[in-house]
Amino acid sequence: MFDPKKFIEETVEKLKKEITGKALIACSGGVDSTVSAVLASKAIGENLITLHVDTGLMRKNESKEVLELLKKLKLSYRFVDAGERFLDALKGVKDPERKRKIIGEMFIRIFEEVAEKENIEYLIQGTIAPDWIESGDKLRDRIKSHHNVGGLPENIKLKIVEPLRELYKDEVRAVARELGLPISERQPFPGPGLAVRILGEVTKERVEIVREACSIVEEEIEKAAKEKLMKLPWQYFAVLIPVKSVGVHGDKRAYGYTIAVRAIDSVDAMSGSFSRIPHEVLERISTRITNTLGKYVTRVVYDITNKPPATIEWE
Amino acid sequence: MVRIYVIDNGGQWTHREWRVLRYLGVETKIIPNYVPFDEILKEKVNGLVLSGGAPRVGLKERLGRCSEYLEKADFPILGICAGHQFIARHFGGKVEPAKIPEFGKVELIVDKEHPLFEGVPKKSIVWASHNDEVTWVTDEIEVLAHSRDCKIEAISHKSKPIFGLQFHPEVEETEYGTQIFRNFIEICKRY
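Residues numbered from 1 in each chain as written. Chains lettered and ligands numbered in written order. Predicted model: local features only at pLDDT ≥ 70, side-chain atom pairs only at ≥ 80, totals over all residues.

Caption draft 1: Seen up close, the overall build of chain B. Along chain B, the regular secondary structure elements total 6 helices and 9 strands. The globule rule puts the C-alpha radius of gyration for 191 residues at 16 Å, and the 15 Å found for chain B is close to it. Principal-axis analysis of the C-alpha atoms gives chain B an extent of 40 × 35 × 30 Å. A total of 191 residues make up chain B; the buried ones form 52% of that total. Considering only residue pairs separated by 6 or more positions, chain B has 73% of its internal contacts joining residues 24 or more positions apart. (Helix = DSSP H or I, 4+ residues; strand = E, 2+ residues; numbered from the N terminus. Rg over C-alpha atoms; globule rule 2.2 N^0.38 Å. Buried ≥ 20, exposed ≤ 12 C-beta atoms within 10 Å, placed from the backbone. Contact = placed C-beta atoms within 7 Å.)

What follows is the structure in structure tokens.
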């Protein structure tokens, strides 16, 4: 079995030897990057600079909460608000792989800017096994470019260190619990953020729609899990499908986008089955989404595909 | 300690096979499929797992040195997905594009008693992910299990400790996957 205590000891020792100068870690507030940050800080102390980038593609209030978390963990952190930069770079881009590449590259350029200013040599990443497996290599097919592996540009000035490379999410959670981190059970959120939850072009308006829809899905499912109507899925969110259909809102014709609700059970993200959400919970989600976003959304559907054949996220 | 290495043919779940073996207390590591057999032999392994592969490699490709392993090994070998297809081909069988490919949930029906399926009921849920399948095997090979859409889900060589599974025992959703790995480990221990 996996022994988180032993893993922490061994990793901290390894990082001490591997990193001989200042290092940067970009922390999204998720389990992988936060665990990596805490392990690195145990290894190299003040030589670690934690960075949080608001990509403009984060969930509701997310960046604010992440900064509070970093403060609480007593990590020395920097903050970059890059919402406009990401949105500009994504203008007109529809292909999911291109989106991922653009975002991966933008991340690295921002990291390099911070690194240059602060004389940083190393970049620590919270890469875990499915990230490099699905990004593909000489032998393996590319399923999708994870922003921290397949989405990286070729010319990177920083030396990359990946302490969690061989781990899966459930093992990282075990490490997070051992470290006493409050985010140990947080659901995964993709690096490219809401950009891969909008099929087709990413626009400011679409980001706002899907952000609100995601927040409704999260709230309702978490509430239902608390009420014991269902167990909390591995991951649960909304996807904006830019296909329009007809509705009737207060005796008036409506014509708007489709929101797909996705909830999936998994242990390691490498396979999964769609969650059996009670119909009453699905109904609450659907009603809230169409009422709150009535101007934009006329239809809500539930994704009943397992992984494989589908992936967890839609892009 | 039992030592079973995973030969990487480029599958999405190669690393997952390594993880399951590790969790079962086996000494294991992932090895690229081009490593010469003599080098593997030097490490005194008790068994090999031939992983699944990149898309369609089971159909026609050589899968690195897998042929050499199958010829020279005097220890058990378990092929999974593309590894299974390759075993069937190596012993003269046929692999073709599946009429109905299987992705995700499949009901496995075990037809023959076999040490690999000890403790596995006749019907159970397994997960698969394949475009191609074994459609025909020679007399050397015995078919152990099938599903509705795939007639050859599991095979065993009649005189050598070589087995193949079309589905993925390493995937969490496969009900008796860990049990199948335990059985394989037992076979390796006894051999």
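Caption draft 2: Quick look at the domain arrangement of chain A. Residues and elements named next belong to chain A. We note that the domain assignment places domain 1 (4-178) and domain 2 (198-302) within chain A. For domain 1 versus domain 2, the distance between C-alpha centres works out to 28 Å. Each partner contributes to the interface: domain 1 provides 13 residues, whereas domain 2 provides 12 residues. Tallied by class, residues from the side of domain 1 that touches domain 2 come to 6 nonpolar, 2 polar and 5 charged. (Domains from an automatic or database assignment. Nonpolar A, V, L, I, M, F, W, Y, C, P; charged D, E, K, R; others polar.)

Caption draft 3: Looking closely at the sheet that holds strand β4 (residues 122-124) of chain A. Residues and elements named next belong to chain A. Ordered in space as β3-β2-β1-β4-β5, the 5 strands form an open sheet in which the pairing is parallel. Across the chains shown, the open sheet's two edge strands, defined by having one partner strand only, are β3 (77-81) and β5 (159-161). When strand polarity is set aside, the average angle formed by the axes of neighbouring strands in this sheet is 30°. Sheet topology places β4 next to β5; 3 bridges connect them, and they run parallel. Its bridge partner being in β5, Y122 is matched across the sheet by K159. Those strands touched by helix α3 (residues 62-72) are β2 (48-54) and β3, and its axis lies near 165° from that of β2. (Pairing = 2+ DSSP bridges. Axes fitted to C-alpha atoms, helices over the stretch in contact; angles between N-to-C directions.)

Caption draft 4: Representation of the packing of helix α1 (residues 4-18) of chain A against helix α7 (residues 169-178) of chain A. All names here are of chain A. Where α1 contacts α7, the two axes come as close as 9 Å, and the packing angle between them is 85°. In terms of orientation, α1 lies roughly perpendicular with respect to α7. Residues P4, K5, F7 and I8 of α1 form the contact with α7, whose participating residues are A174, V175 and E178. Class assignment of the residues belonging to the contact of α1 with α7 gives a composition of 5 nonpolar, no polar and 2 charged. (Parallel < 35°, antiparallel > 145°, perpendicular 65-115°, else oblique.)

Caption draft 5: Highlighting unusual backbone geometry. In the segment running from A:K307 into A:P308, the intervening peptide bond is cis, with an omega of -20°. Within the element layout of this structure, A:P308 appears in the segment after β9 (297-302). The peptide bond linking A:P308 to A:P309 adopts the cis configuration, its omega dihedral lying at 10°. Tracing the backbone through its elements, the reader meets A:P309 in the segment after β9. A positive phi angle is found at A:N61, which is not glycine, with a value near 60°. Take A:N61: it is sitting in the loop between β2 and α3. For B:K44, which is not glycine, the phi torsion reads 55° and is therefore positive. Among the secondary structure elements, B:K44 is positioned in the loop between α2 (37-42) and β3 (47-53).

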